[in-house]
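As a plain string of letters, each chain reads:
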Amino acid sequence: MKRVAVYLLLLGLTAGLSILIWQKRWDIHDWAVLRGYDAPSQIAQISSDTAFSEYGERLFYVSKPSLLGPEEFNEKCPDRESSIILGCYDGINIYVYDVNDPRVADVEEVTSAHEMLHAAYDRLNDEELAELREWLQIAWDNVDNQRVLDSIQSYVDGGIEDIYNEVHSIVGTEVRDIPDYLEDHYAQFFTDRTVVVAMSEGYESVFVEIEEASEKLRSQLSVLKIEIDTGQARLSARSVEINTNKVQLDSLLASGQIEQYNDLVPAYNDSIETYNRDVASMRARIKEYNELVFELNRLSVENNAIYTAIDSNPEEL
């Protein structure tokens, strides 16, 4: 009887220990992975700059994040996400594309935070996921940034799990105004989530400003093109009229009709002066048009240069 009681006690202790180990499995896992780990300086700086909480930093570090050049990045992330996020999380490690263009200096930080949130999402249980998805849907429904909506939409074909996994990372790093429930949720991973959101808004604004400037130039060019085409047609018609009048004047002069000739000369000379002034004005409009085309092309080159800087697969020339 005593032996049975001892066995039952041991069984209970074993079961209790198993439950405790299961509950603490991530703590044990993280301790084992991070034992002796010393984050590279760039990785540590990213964690600091992005305002990771202690837990967020642990999730980041336990994923052994790496900043990679184009060739290695493409090897590690062949099916990376289709957005301005330039990284991937393969379930174990985080890989981030090493971007060196100062115009999008914070893209590595936002990408790192985005991928860290994938690692966080993987650790949620079914009950947590069910409630979280409801709030993520609310946040998604209230997003008014078309680029963010397009980014989310690009994952729709991946299945419901992939969608909410991505929404979790996108909302957490790119959407400023979210429900309090989600703010509390993300507070596990950031000491100040607005830091990474501001970074996202910062480098997104680079593309937005270029596009807005380009759109303004395209609008100006469209108006100018109409003015120039109309003006040139009008000048062409007047040139024909002036040449016709010149032929008439030459005929009057040749036939000795001096009085009639003299009567028409002042009006003819006035028409020449007006025509020349309008030609000079037209040349100024054409010069303005060409300058705007040059500026539009410059913005296009700048935009392409930025995209090239964040593209690990640039086209070969």
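Located above this text is the structure these notes cover.
Computed from a predicted structure; not experimentally measured.

J.: Please explain unusual backbone geometry as it appears in this structure.
T.: Unlike most non-glycine residues, alanine 51 shows phi in positive territory, near 60 degrees. Along the chain, alanine 51 falls in the loop between α3 (41–49) and α4 (54–62). A positive phi angle, close to 45 degrees, is found at lysine 64, a residue other than glycine. Position of lysine 64 relative to the elements: it lies in the loop between α4 and β1 (66–68).

J.: I would appreciate a short explanation of the sheet that holds strand β3 (residues 94–97) in the present structure.
T.: Pairing between the strands of a sheet comes from backbone hydrogen bonds, and it takes one of two forms, parallel or antiparallel. Spatially, three strands are ordered β1-β3-β2 in an open sheet, and the strand pairing comes out mixed. Looking at strand neighbours, the two that pair on one side only are β1 and β2 (87–89), the edges of this open sheet. Taking each pair of neighbouring strands and ignoring which way they run, the sheet shows an average axis angle of 20 degrees. Here β1 runs beside β3; their pairing, made up of three bridges, is parallel. Within the sheet, the bridge partner assigned to leucine 68 lies in β3 and is tyrosine 97.

J.: Can you help me understand the pattern of salt bridges in this one?
T.: This model, assessed by the stated rule, comprises twelve salt bridges. We note a salt bridge from aspartate 229 to lysine 225, for which the minimum N-O separation is 2.8 Å. Of this pair, aspartate 229 and lysine 225 both sit in helix α11 (residues 193–254), four residues apart, roughly one helical turn. The exposure class of aspartate 229 is partly exposed, given its relative accessible area of 37%. The exposure class assigned to lysine 225 is partly exposed, which follows from its relative accessible area of 38%.

J.: Would you take a moment to explain the pairing of β3 for this structure?
T.: Remark: a regular strand shows side chains that alternate across the two faces of the sheet. The alternating pattern of β3 places Ile94 and Val96 and Tyr95 and Tyr97 on opposite faces, both of which are buried. The pairing of β2 with β3 spans three bridges and is classified as antiparallel. By the bridge assignment, glycine 87 is partnered in β3 with valine 96. Taken together, β2 and the strand that follows it, β3, pair antiparallel across an intervening segment of four residues, in which glycine 91 is found at a positive phi of about 95 degrees.

J.: Any chance you could explain the nonpolar core here in plain terms?
T.: Looking at soluble globular proteins, one finds that nonpolar side chains tend to be buried together. In terms of nonpolar packing, the biggest core is built from 55 residues, with Phe60, Met116, Val171, Leu182, Tyr186, Phe189 and Phe190 touching the most fellow members. Ranked by the residues each element gives to this core, the list is headed by helix α6 (residues 107–122), at eight residues. Among residues more than four places away in sequence, those in contact with methionine 116 are Phe52, Gly56, Leu59, Phe60, Ile94, Phe189 and Phe190. Counting residues in each nonpolar core, the second largest holds five residues, with Leu221, Leu224, Leu292 and Leu296 among its members.

J.: Explain the packing of α6 against helix α9 (residues 160–174) here, please?
T.: A pair of packed helices can be characterised by two numbers: the angle between their axes and the separation between those axes. Across the interface, α6 lies against α9 with an axial gap of 9 Å and an inter-helix angle of 135 degrees. In terms of axis orientation, α6 runs oblique to α9. Of the two elements, α6 crosses α9, and the hand of that crossing is right-handed. Side by side, α6 and α9 meet where Val110, Ala113, His114, Leu117, His118, Tyr121 and Asp122 of the first sit next to Glu161, Tyr164, Asn165, Glu166, His168, Ser169, Ile170, Gly172, Thr173 and Glu174 of the second.

J.: It is not clear to me how the state of the cysteines should be interpreted in this structure. Could you clarify?
T.: Formally, a disulfide is one covalent bond, and it connects the sulfur atom of one cysteine to the sulfur atom of another. Throughout the structure, instances matching the rule amount to one disulfide. Here cysteine 77 pairs with cysteine 88 through a disulfide, and the sulfurs are 1.9 Å apart. Residues cysteine 77 and cysteine 88 are joined by a disulfide whose S-S torsion is about -65 degrees; by sign, that bridge is left-handed. Here cysteine 77, found in the loop between α5 (70–76) and β2, pairs with cysteine 88, found in strand β2; they are eleven residues apart in sequence, far enough to count as distant. On the basis of relative accessibility, which here comes to 1%, the residue cysteine 77 falls in the buried class.

Procedures and definitions
Residues numbered from 1 in each chain as written. Predicted model: local features only at pLDDT ≥ 70, side-chain atom pairs only at ≥ 80, totals over all residues. Heavy atoms only, no water. Helix = DSSP H or I, 4+ residues; strand = E, 2+ residues; numbered from the N terminus. Pairing = 2+ DSSP bridges. Axes fitted to C-alpha atoms, helices over the stretch in contact; angles between N-to-C directions. Salt bridge = Lys/Arg side-chain N within 4 Å of Asp/Glu carboxyl O. Buried < 20%, exposed > 50% of the residue type's maximum accessible area, 1.4 Å probe, protein only. Core = buried A, V, L, I, M, F, W, Y, C linked by side-chain atoms within 4.5 Å. Contact = heavy atoms within 4.5 Å. Parallel < 35°, antiparallel > 145°, perpendicular 65-115°, else oblique. Left-handed = near helix turned anticlockwise from the far one by under 90°. Disulfide = S-S within 2.5 Å.

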